Amino acid sequence: MINELKKEIEKAKTCFLEDLNIIQSSKELIQIKDNYLSRKKGIVTEFMKQIKNLSAEDKPLAGKLINEFKVEVEKQLNLIHDRLSYGKKNEIDYSLPAFDIPVGSPHLLSIVRTALENIFLEMGYEITHGPEVETEYNNFTALNMQEGHPARNEQDTFFIKGYSDIILRTHTSPVQIRYMENHQPPIKIISPGKAFRKDEPDATHTPVFSQIEGLLVDKGIHFSHLKGTLELFIKSFFGQNVSLRFRPGYFPFTEPSAEVDISCYLCNGSNPECRICKGTGWLEILGSGMVHPRVLENCNIDPEKYSGFAFGMGIERIAMLKYGISDIRMFYDNDLRFLKQFG
Ligand code: PHE
């Protein structure tokens, strides 16, 4: 009996090898698989059924032979299954170039801030930082904006709930105060960072924006030092052909104060329809002035001995001018089509 079974298994093996050769599709694969492995009437199952008719000594050998056959059938069918799936949806073509792994890049604001910082670092300035949540004293009072001062109302300010004297700083100038309170001249710092004003977002306003502040205090500092510094800075950043215009301005913490414009680097005043300067030929870029003696006094610096200048500008505005960006909100929309152009 066992010999008969052995022969049958050998025959089945030969048939199976022939069947393997004709498999061209997964449909045929399934048919053949059913034919051999189906639980109900597959060839392997039929062999199993015969075991019960064998003698007790032959049963183990029969079981072993049938199982070896079954394992071999499974193995071969799996190989064919893999070969058929290759070239379909599971295909991996190792000769294709790899997918790009997206790599982040610095945000345009960081790029511009770093460029500005580098210009001042070369001029020997130190970078300092201050908190974004400030006291009213540092943000206004120490900067010569007493309570009730019109400039204090002009800046619509975010207050911290429950604290009448703690605010989100409206400019980076309080960093001047913090630094001067702890250092005697010579002082030569810039402080980049965020500022907050309760502005409705539009093409030129966002409630959060960035500024960079500069402060220099020493013996014998006068307005020409301010002019020379800003000229060097602006030409390094916008190009040597750009010229500067100082207009009288007003800030409570500087006296005299000046607003600074640069000549339009795109049309230089020649295009009445210029999209950058709107035909005026000039672009306003920063506020500046000689530090008010009272501000020095507030920080225990003797205004009889020392004088200084300060300036402040919006980093978004500088970036918009340099890169021809028409809407400040683009910096914060996180639209990759915008961000990818600069990194
Ligand atoms: N802090 C001023 C502003 O936010 C800018 C400024 C800084 C002006 C320093 C003069 C000196 O508008």
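Procedures and definitions
- Just so you know, the residues in each chain are numbered from 1, in the order the chain's sequence is written.
- pLDDT decides what is reported in this predicted model: residues at 70 or higher carry local features, side-chain atom pairs at 80 or more are listed and counted, and totals for whole chains, interfaces and linings draw on all residues regardless.
- Working from all heavy atoms in the structure, the side-chain values ignore hydrogens and water.
- In this analysis, rings of Phe, Tyr and Trp, with Trp reduced to its six-membered ring, are considered paired at centre separations within 6.5 Å, and the interplanar angle assigns stacked below 30 degrees, edge-to-face beyond 60, and tilted for intermediate values.
- Helix and strand labels come from DSSP, where a helix needs a run of H or I of at least four residues and a strand needs a run of E of at least two; each type is numbered from the N terminus.
- Whether a residue is buried, partly exposed or exposed follows from its accessible area with a 1.4 Å probe, protein chains only, as a fraction of its type maximum: under 20%, in between, or over 50%, in that order.
- Our definition puts a charge over a ring when NZ of Lys or CZ of Arg is within 6 Å of the ring centre and also within 35 degrees of the ring normal.
- In the analysis that follows, any N or O atom pair within 3.5 Å is treated as a polar contact, provided that within protein one partner can donate a hydrogen and the other can accept it, and provided that, for residues neighboring in sequence, both atoms belong to side chains.
- Contacts are residue-level and defined by heavy atoms, with any inter-residue pair within 4.5 Å sufficient.
- Side-chain atoms within 4.5 Å link the members of a nonpolar core, which is a set of buried Ala, Val, Leu, Ile, Met, Phe, Trp, Tyr and Cys residues.
- Only C-alpha atoms enter the line fits that serve as axes; for helices the fit covers just the stretch in contact. Angles between N-to-C directions range over 0 to 180 degrees.
- Here the word oblique covers every angle except those under 35 degrees (roughly parallel), over 145 (roughly antiparallel) and from 65 to 115 (roughly perpendicular).
- Any residue outside Ala, Val, Leu, Ile, Met, Phe, Trp, Tyr, Cys, Pro, Asp, Glu, Lys and Arg is labelled polar, Gly included; the first ten of those are nonpolar and the last four are charged.
- A strand pair is defined by DSSP finding two or more bridges across the two strands.
- We call a residue near a molecule or strand as soon as one heavy atom of that residue lies within 4 Å of the molecule or strand.
- Reported accessibility uses the Shrake-Rupley method at a 1.4 Å probe radius. Residues are deemed covered only where the shown protein chains occlude them.
- Bear in mind that the domain bounds are from an automatic or database domain assignment.
- To estimate the expected span of a helix, count its residues, drop one, and scale the result by 1.5 Å.

1. Looking at the packing of aromatic side chains
Here is step 1: Evaluated as defined, the whole model comprises 14 aromatic pairs.
Here is step 2: For the pair tyrosine 323 and phenylalanine 342, a centre-to-centre distance of 5.6 Å together with 80° between the ring planes defines the contact as edge-to-face. With tyrosine 323 in helix α11 (residues 315-323) and phenylalanine 342 in the segment after α12 (336-339), this residue pair connects regions lying 19 residues apart in the sequence.
Here is step 3: Here the aromatic rings of phenylalanine 331 and phenylalanine 338 are separated by 6.0 Å at their centres, their planes lie at 90°, and the arrangement is edge-to-face.
Here is step 4: A relative accessible area of 9% means that phenylalanine 338 is categorised as buried.
Here is step 5: For lysine 322, the ring lying beneath its charged end belongs to phenylalanine 237, and the centroid distance is 4.2 Å.

2. Describing the side chain of serine 257
Here is step 1: Position of serine 257 among the secondary structure elements: in strand β7 (residues 254-263).
Here is step 2: We classify serine 257 as buried; its relative accessible area is 8%.
Here is step 3: Of note is the side chain of serine 257, whose polar atom sits 3.3 Å from the backbone nitrogen of phenylalanine 251.
Here is step 4: With residues up to four places along the chain from it excluded, the contact list for serine 257 reads Arg247, Pro248, Gly249, Tyr250, Phe251, Ser288 and Gly289.

3. Looking at the nonpolar core
Here is step 1: Counting residues in each nonpolar core, the largest one holds 45 residues, and the members touching the most others are Phe233, Ile234, Phe238 and Phe331.
Here is step 2: The set of elements that each furnish at least two residues to this core consists of α5 (108-122), β5 (208-218), α9 (223-238), β7, β8 (282-291), β9 (307-314), α11 and α12.
Here is step 3: For phenylalanine 238, the contacting residues outside a window of four places in its chain are Ile262, Tyr265, Ile285, Ile318, Leu321 and Lys322.

4. Regarding unusual backbone geometry
Excluding glycine, most residues fall at negative phi; most peptide bonds, likewise, are trans.
Here is step 1: A cis amide bond, omega 5°, links proline 185 with the succeeding residue proline 186.
Here is step 2: In this model, glutamate 255 is joined to proline 256 through a cis peptide bond whose omega is -5°.
Here is step 3: Positionally, proline 256 belongs in strand β7.
Here is step 4: Non-glycine residue asparagine 268 carries a positive phi angle of around 50°.
Here is step 5: Note that asparagine 268 resides in the loop between β7 and β8.
Here is step 6: On the basis of relative accessibility, which here comes to 57%, the residue asparagine 268 falls in the exposed class.

5. Regarding the packing of helix α1 (residues 2-22) against helix α3 (residues 43-51)
Here is step 1: As a packed pair, α1 and α3 sit with axes 11 Å apart at the nearest point and diverge in direction by 175°. Taken together, the axis directions place α1 and α3 in an arrangement best described as roughly antiparallel. Contacts from Leu5, Glu8, Ile9 and Ala12 of α1 reach α3 at Ile43, Phe47 and Gln50.
Here is step 2: Its residues assigned to classes, the contact of α1 with α3 comprises 5 nonpolar, 1 polar and 1 charged.

6. Considerations on the pairing of β9
Looking along a regular strand, one sees the side chains alternate between the two faces of the sheet.
Here is step 1: β9 sits mainly inside the fold: 6 of its 8 residues count as buried.
Here is step 2: When β5 meets β9, the two strands line up antiparallel, connected through 8 bridges. What sits directly across from valine 217, in β9, is glycine 308.
Here is step 3: In this structure, β8 lies alongside β9, joined through 4 bridges in antiparallel fashion. Looking across to β9, one finds that methionine 290 is bridged to phenylalanine 309.

7. Here's the deal with the site of the ligand
Here is step 1: Of all residues adjacent to the ligand, which total 13 residues, the nearest are His171, Ser173, Arg197, Gln211 and Gly312.
Here is step 2: In the environment of the ligand, a nitrogen atom lies 3.0 Å from a nitrogen or oxygen atom belonging to the side chain of serine 173.
Here is step 3: In this structure, an oxygen atom belonging to the ligand sits 2.9 Å away from a side-chain N or O atom of arginine 197.
Here is step 4: In isolation the ligand has 320 Å² of accessible area, and contact with the protein removes 91% of it.
Here is step 5: Sorting the residues of the shell around the ligand by element identifies β5, β8 and β9 as the ones contributing at least two each.
Here is step 6: The element best represented in the shell around the ligand is β9, accounting for 3 residues.
Here is step 7: Of the residues in the shell around the ligand, the class split is 4 nonpolar, 7 polar and 2 charged.

8. Points about the domain arrangement of the protein
Here is step 1: The domain architecture assigned to the protein consists of domain 1 (2-90) and domain 2 (108-131 + 177-339).
Here is step 2: Computed over C-alpha atoms only, the centres of domain 1 and domain 2 are separated by 82 Å.

9. Considering α9
Here is step 1: Here α9 is 16 residues long and its end C-alpha atoms lie 22 Å apart, about the 22 Å a rise of 1.5 Å per residue gives.
Here is step 2: For α9, the set of buried residues is Leu226, Thr229, Leu230, Phe233, Ile234, Lys235, Phe237 and Phe238.
Here is step 3: For α9, the secondary structure elements touched by its buried residues are α5, β6 (244-251), β7, β8, β9 and α11.
Here is step 4: Of the residues flanking the end of α9, it is glycine 239, one or two places downstream, whose phi is positive at about 120°.

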